[in-house]
Amino acid sequence: MWNNFHQLAAKNDFQQPKEPLWFLKAPNSYWPANRPIERPATYAGKIIYEGELGVVIGKKCFNISEAEAGDYIFGYTCVNDVTAVDLLRKDKSFEQWARAKSFDTFGVFGPVIATGVDPMKLSVKTILNGKERQNYPVADMFFPPHKLVAAISKDVTLMPGDIIACGTSLGAGTMGDAHNVVDIVIDGVGSLGSVFDQVLPSPYLLGAPPRQKKICVVGAGAIGGLLAAKFALAGEDVTVIDQGAHLAAIQKNGLKLEWHDGKVQTARMKAVNKAADAGKQDIVVLAVKAHFLDQVVRDIDSMLGPDTVVLTVQNGLPWWYFQKLGGQYDNHRLDSLDPSGVLTGNIDPNRIIGCVVYPAAAATAPGVIHHVEGDRFPIGELDGKETGRVKELHDVFIKAGLKSLVLPDIRSEIWLKAWGNLSFNPISALTHATLVDICQFAETRELAATMMKEAQDIAQKLGVTFRVTIDKRIAGAEAVGAHKTSMLQDVEAGRSLETEALIGSILEMAKLTNTAAPAIEAVYALVKLLNKVMLLEGGGVKVEKTSKAA
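What counts as what
Residues numbered from 1 in each chain as written. Predicted model: local features only at pLDDT ≥ 70, side-chain atom pairs only at ≥ 80, totals over all residues. Heavy atoms only, no water. 1 Å grid on protein atoms, 1.4 Å probe; cavity = no way out; pocket = protein on both sides within 12 Å on 5 of 7 lines; lining within 4 Å. Points joined across faces, edges and corners; volume = space filled by probe spheres on them. Helix = DSSP H or I, 4+ residues; strand = E, 2+ residues; numbered from the N terminus. Nonpolar A, V, L, I, M, F, W, Y, C, P; charged D, E, K, R; others polar. Pairing = 2+ DSSP bridges. Buried < 20%, exposed > 50% of the residue type's maximum accessible area, 1.4 Å probe, protein only. Salt bridge = Lys/Arg side-chain N within 4 Å of Asp/Glu carboxyl O. Core = buried A, V, L, I, M, F, W, Y, C linked by side-chain atoms within 4.5 Å. Contact = heavy atoms within 4.5 Å. Phe/Tyr/Trp six-rings, centres within 6.5 Å; stacked < 30°, edge-to-face > 60°. Lys NZ or Arg CZ within 6 Å of the ring centre and 35° of its normal. Expected span 1.5 Å × (residues − 1).

Undergrad: Sorry if this is basic, but what is going on with the layout of surface pockets here?
TA: Over the atoms rolls a probe the size of a water molecule, and its path tells where empty space is left. Looking at the second largest pocket, its volume works out to about 570 Å³. Lining the second largest pocket are 26 residues; nearest its centre among them are L24, K25, Y30, I163 and I164. Elements that contribute at least two residues to the lining of the second largest pocket include exactly β4 (73-81), β6 (107-114) and β9 (163-165). Taken together, the residues of the lining of the second largest pocket break down into 17 nonpolar, five polar and four charged.

Undergrad: Help me understand the sheet that holds strand β2 (residues 47-49) in this model?
TA: Sheets are built from strands paired through backbone hydrogen bonds, the pairs being either parallel or antiparallel. Across the sheet, which stays open at both edges, the three strands sit in the order β5-β2-β10 with antiparallel pairing between neighbours. With one partner strand each, in any of the chains shown, β5 (83-84) and β10 (173-174) form the two edges of the open sheet. As paired elements, β2 and β5 share two bridges and run antiparallel to each other. Of the residues in β5, the one forming a bridge with I48 is T83.

Undergrad: Sorry if this is basic, but what is going on with empty space enclosed by the protein here?
TA: Evaluation of the coordinates by the stated rule reveals two cavities of 30 Å³ or more. For the largest cavity, the calculated volume is near 110 Å³. Along the walls of the largest cavity sit 13 residues, with Q314, N315, G316, C355 and I414 positioned nearest its centre. No other element matches the three residues that helix α9 (residues 410-431) contributes to the lining of the largest cavity. Partitioning the lining of the largest cavity into residue classes produces eight nonpolar, four polar and one charged. Looking at the second largest cavity, its volume works out to about 60 Å³. Along its surface, the second largest cavity is lined by A290, L293, Q314, L317, P318, W319, L337, L343 and A501. Looking at the lining of the second largest cavity residue by residue, the class counts come to eight nonpolar, one polar and no charged.

Undergrad: Quick question: what am I supposed to make of unusual backbone geometry here?
TA: Glycine aside, the phi torsion of most residues is negative, and most peptide linkages are trans. With omega at -5°, the peptide bond leading from G110 into P111 counts as cis. For P111, the location among the structural elements is in strand β6. Although it is not a glycine, N3 sits at a positive phi angle of roughly 55°. Residue N34 is not a glycine yet carries a positive backbone phi of 65°.

Undergrad: I would appreciate a short explanation of the pairing of strand β15 (residues 255-258) in the present structure.
TA: Residues in a regular strand project their side chains so that they alternate between the two faces of the sheet. Of the two faces of β15, the one holding L255 and L257 is buried and the one holding K256 and E258 is not buried anywhere. Across four bridges, the pairing between β15 and strand β16 (residues 264-267) is antiparallel. What sits directly across from E258, in β16, is V264. Here β15 folds back onto β16 in antiparallel fashion, the turn holding five residues, of which G262 has a positive phi close to 100°. In the sheet, β15 pairs with strand β22 (residues 368-373) via three bridges, with the strands oriented parallel. The residue bridging E258 from the neighbouring strand is H370, located in β22.

Undergrad: It is not clear to me how the pattern of salt bridges should be interpreted in this structure. Could you clarify?
TA: When their charged atoms lie close together, side chains carrying opposite charge are able to pair. Under the definition given, this model contains 21 salt bridges. A salt bridge links K213 to E392; the shortest N-O distance between them is 2.7 Å. Here K213, found in the loop between β12 (190-197) and β13 (214-218), pairs with E392, found in helix α8 (residues 388-399); they are 179 residues apart in sequence, far enough to count as distant. For E392, a relative accessible area of 26% puts it in the partly exposed group. Between K324 and D383 there is a salt bridge whose closest N-O contact spans 3.9 Å. A residue pair is termed long-range when its members are at least 10 positions apart, and K324 in the loop between β19 (304-312) and α7 (342-346) and D383 in the loop between β23 (379-381) and α8 qualify at 59 residues. The partly exposed category is assigned to D383, whose relative accessible area is 35%.

Undergrad: Can you walk me through the nonpolar core in this structure?
TA: Most often, soluble globular proteins have nonpolar side chains that are buried together. Formed by 77 residues in total, the largest nonpolar core has its most connected members in L286, M303, W319, W415, M509 and I520. Among the elements that line this core, the one with the most residues is α9, at ten residues. The contact partners of L286, leaving out residues within four places of it in the chain, are V218, L293, V297, I300, V310, L311, T312, V313, Q314, W319 and I347. Within the second largest apolar cluster, 50 residues are counted, among which are V82, A100, V138 and I152.

Undergrad: Can you help me understand the packing of aromatic side chains in this one?
TA: How two aromatic rings sit relative to each other is set out by the distance from centre to centre and by the angle between their planes. Taken as a whole and assessed by the stated rule, the structure comprises 13 aromatic pairs. Between W2 and W97 the ring centres are 5.9 Å apart and the planes differ by 65°, which places this aromatic pair in the edge-to-face class. Of this pair, W2 sits in the segment before α1 (6-12) while W97 is found in helix α2 (residues 97-101), placing the two residues 95 residues apart along the sequence. Residues F103 and F106 carry aromatic rings whose centres are separated by 5.4 Å and whose planes lie at 65° to one another, so their mutual orientation is edge-to-face. Assessed through its relative accessible area of 17%, F103 is described here as buried. In this structure F106 comes out as buried when scored by relative accessible area, which is 0%. Linked through ring pairs, W2, F14, F23 and W97 together constitute an aromatic cluster. Directly above the ring of Y72 sits K59, whose terminal nitrogen or CZ lies 5.0 Å from the centroid. In this structure, K230 packs its charged tip against the face of W259, placed 4.6 Å from the ring centre.

Undergrad: Sorry, what's going on with α8 here?
TA: Given 3.6 residues per turn, any residue in an α-helix points the same way as the ones three and four places further on. The end-to-end C-alpha distance of α8 is 16 Å, a good match for the 16 Å that twelve residues give at a rise of 1.5 Å each. Buried residues belonging to α8 abut β13, α4 (222-233), β18 (281-286), β19, β20 (352-355) and β23. Two residues or fewer past α8, G401 is found with a positive phi of approximately 85°.

So this is what it looks like as structure tokens:
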């Protein structure tokens with residue numbers, strides 16, 4: 001069964017099914033208790049456990065009623081519905097449920113069949129390596145056992161010995177260690193034990209850590225500094241380009257990285273103030289704000305060798321969005337992001353690899369980067385191909401202790417991130433509220449949702465699909481907590497704002513696709529004026545507590 005529990009549906013924004021949603025596991029997958037689960041030789045991805053209640057059919061039945069179902073149920077057993085989860089949605093055109101769940105040894109059940117029990121009083125627990133991971137009541141099912149048997153019997157003839165696995169609830173997860181002990185415990189039924197020993201697949205797409213790379217990070221602010229520090233700590237030959245007190249601090253003391261768990265490391269690296277002093281590089285990471293890119297790329301040639309890769313990590317939509325896209329808008333230049341054409345003219349799109357930045361971080365002092373949360377950096381070629389160089393860049397991230405994924409459609413992932421930046425950044429800049437405050441204040445939550453809906457309409461006209469709902473995207477931002485967005489940090493510091501990259505570019509696409517976006521237009525006008533006032537006055541805006549009068 002799929003989507004058979006209220007709690008799981010609520011967490012994932014699933015709709016309550018009108019009828020049971022089910023699929024088949026092949027008979028070859030059936031496996032007894034206390035026999036080792038085996039990793040398929042043809043699959044190197046994640047393998048997950050799912051603790052479930054199994055309903056064992058005792059008599060042949062077809063088209064029976066819920067009231068009759070008890071007469072055809074022989075008893076109940078424990079099930080571990082093992083799944084090669086990376087296969088489920090590997091092909092976007094066809095979800096492969098049976099294939100992902102039907103490898104040999106992936107249908108563990110037993111070791112007993114309990115009779116004479118009331119299933120509605122049962123709870124299912126899953127314990128992985130001594131830690132409880134699942135604990136949910138059968139009574140939380142949309143379709144509990146008797147209703148389930150009756151409904152399925154209207155589709156197929158159920159035979160003695162058939163097992164209906166009732167589906168799982170919250171807590172299903174990866175068996176990720178080299179040695180995994182899984183116990184499915186249903187008090188009143190029994191305990192099902194399994195062992196899963198595996199040779200962990202290499203995290204490197206090319207099979208081994210990549211050779212040392214010469215990497216120049218242009219802009220060692222929050223994200224650029226985080227990347228520079230992680231790359232340097234992993235043994236890469238790192239150079240950063242920056243200015244002022246931050247540059248001086250890095251030159252003198254190195255770059256200090258404070259991880260969210262309290263771990264503090266200092267990375268040593270070369271630090272310069274212009275590209276000519278950096279030398280030729282294997283990888284150039286453009287980590288400055290989008291509106292500074294036209295300044296830093298004018299002398300980028302001094303860092304580019306024949307095979308140098310340029311990685312872009314800006315917030316919002318990138319200037320290269322329509323390059324190598326194909327179709328109606330192929331090679332259209334976004335005036336909001338590249339008004340002079342210097343970016344298009346100075347960087348060959350064949351060098352570019354796109355990147356989406358999910359971590360939150362802040363530069364808290366000269367030479368100090370504080371990591372708030374997250375470590376994911378999905379990447380992709382502009383034309384969607386899985387090339388050797390994009391695999392190697394993925395492996396550079398993995399070597400640095402970060403997470404990455406090579407995507408066939410980097411633009412859809414960029415839109416997913418830009419979706420939040422479009423709304424949360426300007427709202428926070430105008431209100432001085434953190435992410436959690438914006439999401440928990442009804443009016444700003446609704447404003448963010450409205451802006452995101454307008455952006456979704458624009459993106460869909462460009463062929464982009466969103467893999468999560470608006471509510472789930474907002475919930476993800478809320479979960480980050482009391483984090484100040486990058487735009488709010490810029491407002492407080494009196495820095496110019498990423499108005500065009502985060503908002504103006506989307507409005508340009510709205511005009512290009514003839515899509516109305518009144519909420520985005522209104523917020524854009526306010527933030528653009530705030531940016532102008534700050535620049536004219538030469539200062540930022542910060543909310544500070546006032547001292548009480550004596």
